[in-house]
Amino acid sequence: GDVIGCLLDRDAKVISFTKNGLDLGVAFKLDDSTDEVGLKPHVCGKGFSVAVKFDRPMEYPVDGFTPIGEIEPEHAAKVSTEAKSGRAPLCLILEPTRDLAEQTFKCMTKFSKYLEDPPIKTALFVGGADEKEQLRAMQDGLDICVGTLHKTMDFVRRGSLDVTQIKFLVLDEADDLQKKDDDKKISQLNSMIKKARRDRVQTLFFSATLHTPEVKTLIDEITASATWVDLKGKDAVPDTVHNVAYYIDPTQDLFWSDASIASRAKFPEEQPVLDGIHSKPSLSDFDKDKAKALRMSERVKQMKPKMVVKIADSFNMSQCLVFCRTNIDCNNLEAYLNRLDGTKGHRGKFESGKENPYSCVVLAGARQQKERQRNLDAFKEGDVRFLICTDVAARGIDIAGLPFVIQMTLPDDIENFIHRIGRCGRAERMGMAIALVATEREKVWYHKCQSRGARCTPAPGNTKLTIPFGPDGNNLPGNEEKWWLDEGGCAVWYDETDLFKQVEARIGQPIDIMDREDFSVGDVLDSPLPVEQRKKKAGGVEVDSTPLSRRAQKRKRDDPKAVVFGAKRNDTASAAAQKHTLAIATTVGELGGLEREIQKLFGRAMWGFSSELGSSVAVAPANIITMSRTPMAQVSSGKEQKAQAAAGEKTKKKVRW
């Protein structure tokens, strides 16, 4: 091949090239501004291989020029290592939400502490923050800007942010940015960055779902000859995630009582809070002959929150991310979980650990940014068990080692299904994503009114029907067969069975179905329930639940099917711990039974009757001092205690807020 030489003459301030020793003449002339700029060789191109050489012997040496690898330090450009003030940023990172922007900004700040010569300055541009601080950061000079599209464009249009020196434009979650870019701000910003420039600007698109036609159009519009780096292929489900579905059938009752569903609750009889769409007769003419469908819809709303609790307790989930469609759904699920334990909700970190079995916080768009950040931090630190969120948290939010995701409702946007399940199973750790899929249609709010439901009339909202939006942000065509009609209302009929089929078609593979009674998943995942509670039937014949022999138990312990969610894949330490847990499970169960019998005997010996744990509390005579977890405001007087003891009344101490 040919040998190309690059010659830099700093005295004459010219750059020239040679080919196989032949001088090709001056290529570039340098101005005075390059005197304090460090220049270095680059090789740029596509579809070729090249070798570079910076030291002697050179194949075609040129008199008067020294190989760059042999230049003494005193001949290098005198570049100050101090951070210059007022300099324009070189990198701009755009995020679709404030939460993602804050997370990325923290990462950039963490990385930049390792770069000290010169130091790297990073700033965050989002709404709801102190604008004076943001303006001061721009005046002092920046290297990296992280922000939302709208806030960044606001500063650019006002002339506060100089984008003329940008070398790297990063569009994170590019498909979501494109959907929210109704005014074509991305194209405008790209034009401002590249206007009247001859140097290259590298534009990078990041997302798990970049294959939509809209995103491809945007890529073709603002880039030339883009290179695709596809790590997993089109809309793939991570290998570390068990992606399963659980069918909610409102035509059948649940298999468990309320006490069995919320087995750890103080008040398991509490019922889920509903969204109010069925609190009054429907205003829709289409619904007049849909009495059964309306009943089934209301039962779906009652059953789904209960199954979130039952599944979480059955799998003994230490932490779980729960996705809901709307802010109202998040608020209602939060209220239900708090009522199960009789609390007002998470009120900050008083001590390490979770305050109650159903402790939860909300991460949704209707919450203030400070509250959202505080709630996310509480979940990351392990202070609460459930993080209830809308699709605000579907994209990019990184929660290390998250083992479980439950989708209480499927998303309006199919692409968000892929992003939701991607919150678990990260960094080679195993995760399970469970989607609750209703087998009957559910009527839900779909507010198009100006207040977005805040002041929708008549209260609690206009239950007439409307037509949902499509992926392009425009109304879908009306379809009476799919129950899509425009009556000028704020409600739609949601068909999760149809959405589920679309999801399977999008990811190109069927989703495993979880057994409705014992939560097993075919040959993929064993039931988390004790053996005596597994009543799954195969081929119409009930599976034999006879206790295994000792040898059979040993064989099962030696080769367990159980997956340790939250642990790294093929983690031998976690596998050994799981094996040990299975080995002692039977013994621990027997000890638990003995403990219950001892408590009954103690109650009989002390007060003449036994008390079932978890259902009643024995009351001691007034002259006996007992330790109780009941608040002082709930303690009965001595006379009342004597009367209760004499009558043999069994009372349950409850505290409601």
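Heads up: the structure comes first, above all this text.
Here, residues in each chain are numbered from 1, in the same order as that chain's written sequence. Residue-level local features of this predicted model are given only where pLDDT is at least 70; pairs of side-chain atoms are given and counted only at 80 or more, and the full residue set underlies all totals for whole chains, interfaces and linings. To get the side-chain values, take all heavy atoms of the structure and skip hydrogens and water.

**What about the overall build of the protein?**
Each helix and strand in the protein was counted, giving 15 helices and 19 strands. Evaluated residue by residue, the protein yields a buried proportion of 41% over its 657 residues. By definition in these notes, contact holds between two residues if any of their heavy atoms fall within 4.5 Å. Of the contacts made within the protein by residues no fewer than 6 positions apart, 69% connect residues no fewer than 24 positions apart. Here the Shrake-Rupley method, with its probe set to 1.4 Å, supplies the accessible areas, and only the displayed protein chains count as covering residues. For the protein, the exposed surface amounts to about 37,400 Å²; the carbon and sulfur share of it is 52%. By the criteria applied, helices consist of DSSP H or I runs no shorter than four residues and strands consist of E runs no shorter than two, each listed in order from the N terminus. Each residue is placed in one exposure class: buried if its accessible area under a 1.4 Å probe, protein chains only, is under 20% of its type's maximum, exposed if it is over 50%, and partly exposed if it falls in between.

**Details of the environment of Asp175**
Following the sequence through the fold, Asp175 ends up in helix α4 (residues 174–179). For Asp175 and Glu415, which are 240 residues apart along the polypeptide, the C-alpha to C-alpha distance reads 9.3 Å. With residues up to four places along the chain from it excluded, the contact list for Asp175 reads Ser207, Thr209, Val215, Arg395, Glu415 and His419.

**Here's the deal with the nonpolar core**
We define the nonpolar core as a collection of buried residues of types Ala, Val, Leu, Ile, Met, Phe, Trp, Tyr and Cys that are connected through side-chain atoms lying within 4.5 Å of one another. With 43 residues, the main nonpolar core has Tyr246, Ile311, Leu337, Ile434 and Leu436 as its most contacted residues. Listed by contribution, the elements that provide at least two residues to this core are β9 (241–248), α8 (291–314), β10 (320–323), α9 (327–341), β11 (360–363), β12 (386–389), β13 (404–407) and β14 (431–438). Looking at which element gives the most residues to this core, the answer is α8, with 6 residues. Those residues within four positions of Leu436 in sequence are excluded, and the remaining contacts are Tyr246, Ile248, Lys304, Met307, Val308, Ile311, Ile406, Gln407, Met408 and Glu496. By size, the runner-up hydrophobic cluster in this structure holds 37 residues, among which are Leu321, Val384, Cys389 and Ala393.

**As for the packing of aromatic side chains**
Pairing of aromatic side chains here covers Phe, Tyr and the six-membered ring of Trp, requires ring centres within 6.5 Å, and sorts the geometry by plane angle: under 30 degrees stacked, over 60 edge-to-face, intermediate tilted. In the structure shown here, the tally under the stated rule is 10 aromatic pairs. An angle of 75° between the planes, with centres 6.1 Å apart, marks the rings of Tyr247 and Phe500 as edge-to-face. Of this pair, Tyr247 sits in strand β9 while Phe500 sits in helix α12 (residues 496–507), and the two are 253 residues apart along the sequence. With relative accessibility at 3%, the residue Phe500 sits in the buried group. With a centroid separation of 5.1 Å and 90° between ring planes, the pair formed by Trp483 and Trp493 is classed as edge-to-face. Taken together, the positions of Trp483 in the loop between β15 (442–445) and β16 (491–494) and Trp493 in strand β16 put the pair 10 residues apart, joining distant regions of the chain. Of the two residues, Trp483 and Trp493, both sit in the buried class. Members of the aromatic cluster, joined through ring pairs, are Tyr246, Phe255, Trp256, Phe315, Phe404 and Phe519.

**Quick look at the packing of α8 against α9**
Here an axis means a line fitted to C-alpha atoms, over the contact stretch when the element is a helix, while the angle between two N-to-C directions is reported on a 0 to 180 degree scale. Where α8 meets α9, the axes come as close as 11 Å, and the angle between the chain directions of the two elements is 55°. Classed by the angle they form, the pair α8 and α9 counts as oblique. As for the relative orientation of α8 and α9, their crossing is right-handed in sense. When α8 is examined against α9, the residues Pro305, Lys306 and Val309 are found in contact with a partner set consisting of Leu333, Tyr336, Leu337 and Leu340. Oblique is the label for every angle not falling under 35 degrees (roughly parallel), over 145 degrees (roughly antiparallel), or within 65 to 115 degrees (roughly perpendicular). Here a crossing is taken to be left-handed if its near helix is turned anticlockwise relative to the far helix by less than a right angle, and right-handed if that turn runs clockwise.

**Observations concerning the packing of helix α11 (residues 414–421) against α12**
Interaxial distance between α11 and α12 falls to 9 Å at its minimum, and their mutual angle equals 70°. With respect to α12, the element α11 is oriented roughly perpendicular. The residues of α12 that touch α11, namely those facing Ile414, Glu415, Phe417 and Ile418, are Gln502, Val503, Arg506 and Ile507. We call Asp, Glu, Lys and Arg charged. Ala, Val, Leu, Ile, Met, Phe, Trp, Tyr, Cys and Pro are nonpolar, and the rest, Gly among them, are polar. Here the residues of the contact of α11 with α12 are counted per class, giving 5 nonpolar, 1 polar and 2 charged.

**Quick look at unusual backbone geometry**
Omega for the bond connecting Arg56 with Pro57 falls within 30 degrees of zero, at 0°, which places this linkage in the cis form. In this structure, Pro57 sits in the loop between β3 (22–29) and β4 (91–95). At the junction of Ala459 and Pro460, the peptide bond is cis and its omega measures out at 0° in the coordinates. On the secondary structure map, Pro460 appears in the loop between β15 and β16. For Glu173, which is not glycine, the phi dihedral falls at a positive 50°. Summarising the element assignment, Glu173 is placed in the loop between β7 (168–172) and α4. Overall, Glu173 belongs to the buried group, its relative accessible area being 8%. Even without being glycine, Phe519 reaches a positive phi, approximately 65°.

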